[in-house]
Amino acid sequence: MATAFPEGFLWGGAVAANQLEGAYLEDGKQLNVTDVMTGIGNKPDIEWNEETGKWEPSFTHDFVHLSEEGIDFYHRYKDDLALMAGMGFKAFRTSISWARIFPHGDEEEPNEAGLAFYDDLFDTMLELGMEPVVTISHYETPLGLLVDYGGWLDRRMIGFWERYVRTVLTRYKGKVKYWMTFNEINVGRMIPFAAGGMLDIHPTHKDLPNADLTQQQLYQGWHHQFVANALAVKLCREIDPAAKMGLMLSQSAIATYPETCNPDDILGAQRTQRLHSFFSDVMLKGRYPGYVRRIWEENDVELEIADGDMELIANYTNDYFGFSYYRSAVYSTRAINEGTTTSKGGGLTSGSAGTVANPYLSACSPEPWCWPVDPKGLRYVCNYLQDRYDVPLFIVENGIGLDENLDADGHIDDPFRVEYVRDHLLQVEEAIKDGCDIMGYLYWGPIDVVSAGTGEMRKRYGFVYVDRFNDGHGTLERVKKNSYDWYKAVIESNGEILHA
Ligand code: BGP
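Because the structure is a prediction, the values reported are computed rather than measured.

Asks: Looking at this model, I keep getting lost on the pattern of salt bridges. Mind explaining?
Replies: When the charged atoms of two side chains lie near each other, side chains of opposite charge can form a pair. If you walk through the whole model with that rule in mind, you get 33 salt bridges. Across the pair Arg-76 and Asp-72 runs a salt bridge, and its minimum N-O distance is 3.0 Å. The exposure class of Arg-76 is partly exposed, given its relative accessible area of 29%. Taking the relative accessible area as the measure of exposure, Asp-72 reaches 12% and is therefore buried. Several salt bridges share partner residues, and in doing so they unite Glu-404, Asp-414, Arg-417, Asp-448, Arg-460 and Lys-481 into one network.

So this is what it looks like as structure tokens:
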């Protein structure tokens, strides 16, 4: 039976520099925001220094900071990429660690050692038959830009970004066809430091929990990022017109279902969707949507918009919509009124205030994470995005994190992962039949990496196991899990074995 997956469908996997490279201070690299965090869900490990009058890394090191060494991909990437190619990957997504290229962020000249690393990385991918899909910043703003400027709260960031983007587009011209600007800036609503790249550096605010920002600050910071996103599209068209510049957002919250037909549930679910669609509405429709004006009014937000900003945003919208999807959520007015909402099924990427468990879903990922498994939610999200934007869609993250250990024979059997991926891919196929234009599917974490949310190794997504544990010990040896051969067969048959 022929599948609906089109020829040239980009099958593959996705990772991010800060979650696997390690070598966090090697070859001239300086710190980025995630280097001072044990998971983006936690508080940054920085403190106010009275003498210098600024935030500085405190590096108390009373925790194991796994991302410093990651899975040592920086030194082992050739072997790791060969393992990915062994599954027949057509594409591999990673990010450029901004602080390898501009270590402090505001230098005039880039760091050649950092540029050379990615040259070889992308060359290796191409030799192995994999298209590089590259995120320009995956929670990886140089820390120097936050502590000295406040990050994206400061308009000067646009200039630093422009220099960085121009540098990488020029250097990797002809090698990278698929770019994405920021990873999940919509998650910045919950975690502005890591996902937003913003820090309040005003001395009178030094006693505030440093992650708290006002609505005024958030919307101003996002405005600067929207200008920066449009500039990246413009630079891409000028420097390498054959390449595409996508955006990347977390879209789990788009699958927020109303609990009942109570109009308040419907409106609440729609409100949640809009909090996230706001970002793509600006970047793809090229203007601020009407509904955000009410939010600004109610929160005394007054944006500073420079001459030419809105023209840039209108003229340079992204070429495709890259997104992550992991789980869905339920919006319940009843639970809000009763005070019984639960964070299960909600959390960072969901961003749903009124969340309750969905009785129609039978599985969730293991405790303590318990992310509801909802393959049809992915079909729903694809259709929602296609209807709203009518641009090519690229599923650049979807996957399941499990707590796994080698068995007595040194193997890992992971049928739950196989079932998760199969069920989601069958829904991707349905979405294609529904008329969605889907460029590819990149499984998140095809090799075990450090978790973004919680900074641990224990939450393993890989088709390839990496011998490293939460306390930092382990040989770093790589072992193929049973799902490895299965995913390989999926790609080889262009999805046909999903129906076996
Ligand atoms: C996405 C991030 C990734 C990633 C994934 C899984 O939101 O873009 O970086 O790690 O979530 O999350 P976690 O690692 O917390 O399980």
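Asks: Even after reading the chapter, I still don't get the site of the ligand, so can you show me in this structure?
Replies: Among the 15 residues in the neighbourhood of the ligand, the closest are listed as Gln-19, Glu-184, Ala-452, Gly-453 and Tyr-461. Side-chain polar atom of Glu-397 to an oxygen atom of the ligand: 2.9 Å apart, as the coordinates give it. Take Ala-452: an N or O atom from its main chain is 2.7 Å from an oxygen atom of the ligand. Protein burial of the ligand: of its 380 Å² of free accessible surface, 96% is covered by the chains. The residue makeup of the shell around the ligand, split by class, is six nonpolar, six polar and three charged.

Asks: Which parts of the structure should I look at to understand the state of the cysteines?
Replies: Any covalent bond linking the sulfur atoms of two cysteines counts as a disulfide. Counting across every chain of the model gives one disulfide. The residue that forms a disulfide with Cys-364 is Cys-370, at a sulfur-sulfur distance of 2.2 Å. The disulfide joining Cys-364 to Cys-370 has a torsion of about -90 degrees about its S-S bond and is therefore left-handed. Taking relative accessible area as the criterion, Cys-370 reaches 9% and is therefore assigned buried. Cysteine Cys-382 shares no disulfide, and the gap to the nearest cysteine sulfur, in Cys-436, comes to 5.4 Å. Relative accessible area serves as the criterion here: at 6%, Cys-436 is assigned to the buried category.

Asks: How should I be thinking about the nonpolar core in this particular structure?
Replies: Side chains of nonpolar character tend, in soluble globular proteins, to be buried together. Ranked by size, the top nonpolar core spans 137 residues in total, and within it Trp-179 and Tyr-487 carry the most contacts. Broken down by element, the residue count for this core peaks at 13 residues, all from helix 8 (residues 215-239). Beyond its immediate stretch of four places on either side in the chain, Trp-179 contacts Ile-96, Val-134, Ile-136, Val-168, Leu-169, Tyr-172, Ala-243, Lys-244, Met-245, Gly-246 and Tyr-320. One finds Met-37, Trp-48, Leu-146 and Phe-193 within the second-largest nonpolar core, a separate group that totals 19 residues.

Asks: Sorry if this is basic, but what is going on with helix 4 (residues 112-127) here?
Replies: Residues lying three or four places apart along an α-helix face the same way, a consequence of the helix completing one turn every 3.6 residues. The terminal C-alpha atoms of helix 4, which comprises 16 residues, lie 22 Å apart, in line with the 22 Å expected from a rise of 1.5 Å per residue. Listing the buried residues of helix 4 in full gives Gly-114, Leu-115, Phe-117, Tyr-118, Asp-119, Leu-121, Phe-122, Thr-124 and Met-125. On its buried face, helix 4 sits against helix 1 (17-20), helix 2 (73-86), strand 4 (91-95), helix 3 (98-101), strand 5 (131-137) and helix 6 (157-171). One or two residues past the end of helix 4 sits Gly-129, with phi positive at roughly 85 degrees.

Asks: Is there a simple way to explain the pairing of strand 7 (residues 244-250) in this structure?
Replies: On any regular strand, side chains alternate: one points to one face of the sheet, the next to the other face. Most of strand 7 is tucked away, with six of its seven residues classed as buried. Relative to strand 7, strand 6 (residues 178-183) runs parallel, the two being bridged by four bridges. Considered in strand 7, the bridge of Asn-183 is made with Met-248.

Asks: Would you take a moment to explain unusual backbone geometry for this structure?
Replies: It is generally the case that most residues other than glycine have a negative phi and that most peptide bonds are trans. Along the chain, Glu-367 connects to Pro-368 via a cis peptide bond; the corresponding omega equals 5 degrees. The residue Pro-368 is located in the loop between helix 12 (333-338) and helix 13 (375-389) in this model. You will see that Cys-370, though not glycine, has its phi angle at about 45 degrees, which is positive. Assignment of secondary structure puts Cys-370 in the loop between helix 12 and helix 13. For Leu-476, which is not glycine, the phi dihedral falls at a positive 70 degrees. Structurally, the position occupied by Leu-476 is in the loop between strand 13 (464-466) and strand 14 (478-480). On the basis of relative accessible area, Leu-476 is assigned to the buried category, the value being 6%.

Analysis parameters
Residues numbered from 1 in each chain as written. Predicted model: local features only at pLDDT ≥ 70, side-chain atom pairs only at ≥ 80, totals over all residues. Heavy atoms only, no water. Salt bridge = Lys/Arg side-chain N within 4 Å of Asp/Glu carboxyl O. Buried < 20%, exposed > 50% of the residue type's maximum accessible area, 1.4 Å probe, protein only. Near = heavy atom within 4 Å. Polar contact = N/O pair within 3.5 Å; in protein donor to acceptor, adjacent residues only side chain to side chain. Areas by Shrake-Rupley, 256 points an atom, 1.4 Å probe, with all protein chains shown as cover. Nonpolar A, V, L, I, M, F, W, Y, C, P; charged D, E, K, R; others polar. Disulfide = S-S within 2.5 Å. Core = buried A, V, L, I, M, F, W, Y, C linked by side-chain atoms within 4.5 Å. Helix = DSSP H or I, 4+ residues; strand = E, 2+ residues; numbered from the N terminus. Contact = heavy atoms within 4.5 Å. Expected span 1.5 Å × (residues − 1). Pairing = 2+ DSSP bridges.

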